[in-house]
Amino acid sequence: MGFDTTSPAAGAWSGQLEGLDASSILAVPSEPGAQADTVGGIGPTNANGVGQYLEFAGSYTQAFDRATGNGIFSNTANGTAAPQLLSTLFAPGGSSYCSNPSFDGFASYDRIDEAFVLGNIFKAPGTGGATVYYLCFGVSAGDGPVPASNLQGNSGKSYWNAYVYELNPALPKNSAGTAYFPDYARYGTWSDGFYVAWDLEDPAHSYNIVGFEVCQLDKNDIVAGLSSNAPQCYTYIPSYVVGTSGTDKALIHTILPADFEGDNPIPADTAGEYFLAQVNPSNAGTNDTCSALPCTSKALAFWTWSGLTSGAGPTLMPVKFHAYTPGCYNTKSPANTYCIPEPWGGNIDSIGDRLMSRLAYRYVTAGVAGEYLAVAHTVQEAATNRRTGIRYYKILAGKTPSPVFIGDIQDTKTHNFMSAPSVAMDAVGDLGITYTVTGSTAHGSATNYDPSPYFVTVNTAGTLGTPVAILSDSGASGQDETDTYWGEYVSVTSDPDDDVTFWAVNEYMKGNQTANCSSSSTQRPGCTWASRIFTCQKGSGC
């Protein structure tokens, strides 16, 4: 199983290249997802100068050649490069399970096992009108002299080990006996397994998030292409959420599994796979969501895998001197985090009620040696207009985690909004962060920042560098996002070639959008979301 491939077209690029976009998917011809939710991972360059960046966006995937910047996945072996539906990976055997996806897939490069990873949650009709959910998961495989780290494959084929897991046996149910909806998948790799987490949403109560579930996949057998054991899954649903007097809303949700990067192996004395989540504000002395401003939180929630498997609650990591209000916090509906103004007049989601993927992990030996985590989220920076910014953390991991530094990225001059961050860490412990900048000025004006990607680095002392606009003409172009379907994922990873270059992917609008991108739209060709893949390095810019 796998993808057909072709030799990359001739070309060259410097600093950034065009990733997946709605127009290239329409040209397949096919239907792009309503939002990009773009993520990706960078693999190494081999001795022949061949390597790839793997991207997932809008339910499609493509591998881009490192040298030319052009795609190599194609509809037929040695044919013309074209984006491929993720479900292609699971056909024909998994077609009945892996054809109706969530937007929230993941793509990465596993530096422990030197293989690429793709996955998503799919749903299919079951008996009696029930919905059956599946985790469809794939890992690139070697073929003869071609290793798993080279997606060019052999004779026009990139081979993959593909697995389908039915989730319903592991999903808890609400009081009516209906399985909670698994949403917003997150991924991390560790020495003892692949970890995938998702939120649990209650269909009977407006899809409120009642908790989360984390599953450990049988990594050894998956990488080897063998029959794998069933995932080991553990659930967190606080007692205050359920029952006739329950709140129906978990204050802690959207847990992130640590995602390994780097060349240094995980040390033998590690506390195990780490997990981190945001603690949303509550009324004093209660588990009720905060209902009276100001609403702030003073902690993050931390687990290890051994803690989750034992049923332990979280360890709360204090950030009391850096208390935060989640971006776009709404006292009447905390999950409604839509407040980022768009030039067309509407609002998009800050996704401020959660930490944003990924939770980068690295064992650093330079300077103060130790296990480190890095993560970021969207927070409120100004109460008067609810302006948002980015809060980032570097954390010393272990059984008792503690912040190394905490900082903010915000715009106090032109008062643009910032949201949707993702973080990676380089070999010496510097951070690289991509995020989205959005303005509220009139369409087409010089300061019209209809969602535009930015990047910034933070050194080991916690000093913030100068933010870089990836698309310098975004302000004057008048490229408008005309619906609320902005993506919920972006990503940054470190380059295995030198371990100091960051590879990021973020979303933007490729021309003025003239139609809603939702699946119900009859004007889908007017959907113009696009993604840009770019490289940046501390001290060298983007």
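In case you missed it, the structure is sitting above this.
Note that this is a predicted model, so its numbers are computed, not measured. (Residues numbered from 1 in each chain as written. Predicted model: local features only at pLDDT ≥ 70, side-chain atom pairs only at ≥ 80, totals over all residues. Heavy atoms only, no water.)

## Brief notes about unusual backbone geometry
Put simply, the rule is: Only DSSP runs of H or I reaching four residues or more are called helices, and only runs of E reaching two or more are called strands; each is numbered from the N terminus. To sort residues, take the accessible area from a 1.4 Å probe on protein chains only and compare it with the maximum for the residue type: under 20% means buried, over 50% means exposed, and anything in between is partly exposed.
Between A91 and P92 the backbone carries a cis peptide bond, its omega angle lying at 0°. Mapped onto the fold, P92 is located in the loop between β7 (84–85) and β8 (106–110). With an omega of 0°, the peptide bond running from L293 to P294 counts as cis. Looking at where P294 falls in the secondary structure, it is placed in the loop between β17 (274–279) and β18 (299–304). With a phi close to 55°, S206 is a non-glycine residue in the positive phi region. Examined against the element boundaries, S206 turns out to sit in the loop between β13 (193–202) and β14 (208–217). Of the residues examined, S206 reaches a relative accessible area of 69% and is grouped as exposed. One non-glycine residue, Y207, lies in the positive phi region at around 55°. Within the secondary structure layout, Y207 lies in the loop between β13 and β14. Classification of Y207 as partly exposed rests on a relative accessible area of 45%.

## A closer look at the packing of aromatic side chains
Just so we agree on the cut-off: Note on aromatic contacts: the rings of Phe and Tyr and the six-membered ring of Trp form a pair at centre separations within 6.5 Å, being stacked when their planes are under 30 degrees apart, edge-to-face when over 60 apart, and tilted otherwise.
Inspection of the entire model under this criterion finds 31 aromatic pairs. Ring geometry for F3 against W160: centres 5.8 Å apart, planes inclined by 90°, an arrangement best described as edge-to-face. One end of the pair, F3, is in strand β1 (residues 2–5); the other, W160, is in strand β11 (residues 157–166), with 157 residues separating them in the sequence. Pair check on accessibility: F3 and W160 agree, each one buried.

## Re the state of the cysteines
Covalently bonding the sulfur atom of one cysteine to the sulfur atom of another cysteine gives a disulfide. Heads up, the rule is: Put simply, a disulfide is two cysteine sulfurs that come within 2.5 Å.
In total, this model carries 5 disulfides according to the counting rule given. Residue pairing for C98: its cysteine sulfur links by disulfide to C136, the two sulfurs lying 2.0 Å apart. Since a negative S-S torsion denotes a left-handed disulfide, the C98-C136 link at about -85° is left-handed. You can see C98 sitting in the loop between β7 and β8 and its partner C136 sitting in strand β10 (residues 131–140), a full 38 residues away along the chain. Relative accessible area serves as the criterion here: at 1%, C98 is assigned to the buried category. Its relative accessible area of 0% is what places C136 among the buried residues.

## Quick word on empty space enclosed by the protein
This is how it is decided: Points on a 1 Å grid over protein atoms alone make up a cavity when a 1.4 Å probe fits among them but cannot get out, and a pocket when they form an open set with protein on both sides within 12 Å along at least five of seven lines; lining residues each have an atom within 4 Å of a point. Grid points are joined across faces, edges and corners, and a volume is the space filled by probe spheres set on the points. Residues are grouped as follows: Ala, Val, Leu, Ile, Met, Phe, Trp, Tyr, Cys and Pro are nonpolar; Asp, Glu, Lys and Arg are charged; all remaining types, including Gly, are polar.
The final tally for this structure, using the stated rule, is 5 cavities of 30 Å³ or more. In this structure, the largest cavity occupies an estimated 160 Å³ of space. Together, 16 residues line the largest cavity, and V39, F106, A107, S357 and R358 are the ones closest to its centre. Of the residues belonging to the lining of the largest cavity, the class tally is 7 nonpolar, 6 polar and 3 charged. Considering only enclosed or pocket space, the second largest cavity measures out at about 60 Å³ in volume. G41, I42, S108, Y109, R111, D259, F260, E261, R358, T493 and S494 together form the lining of the second largest cavity.

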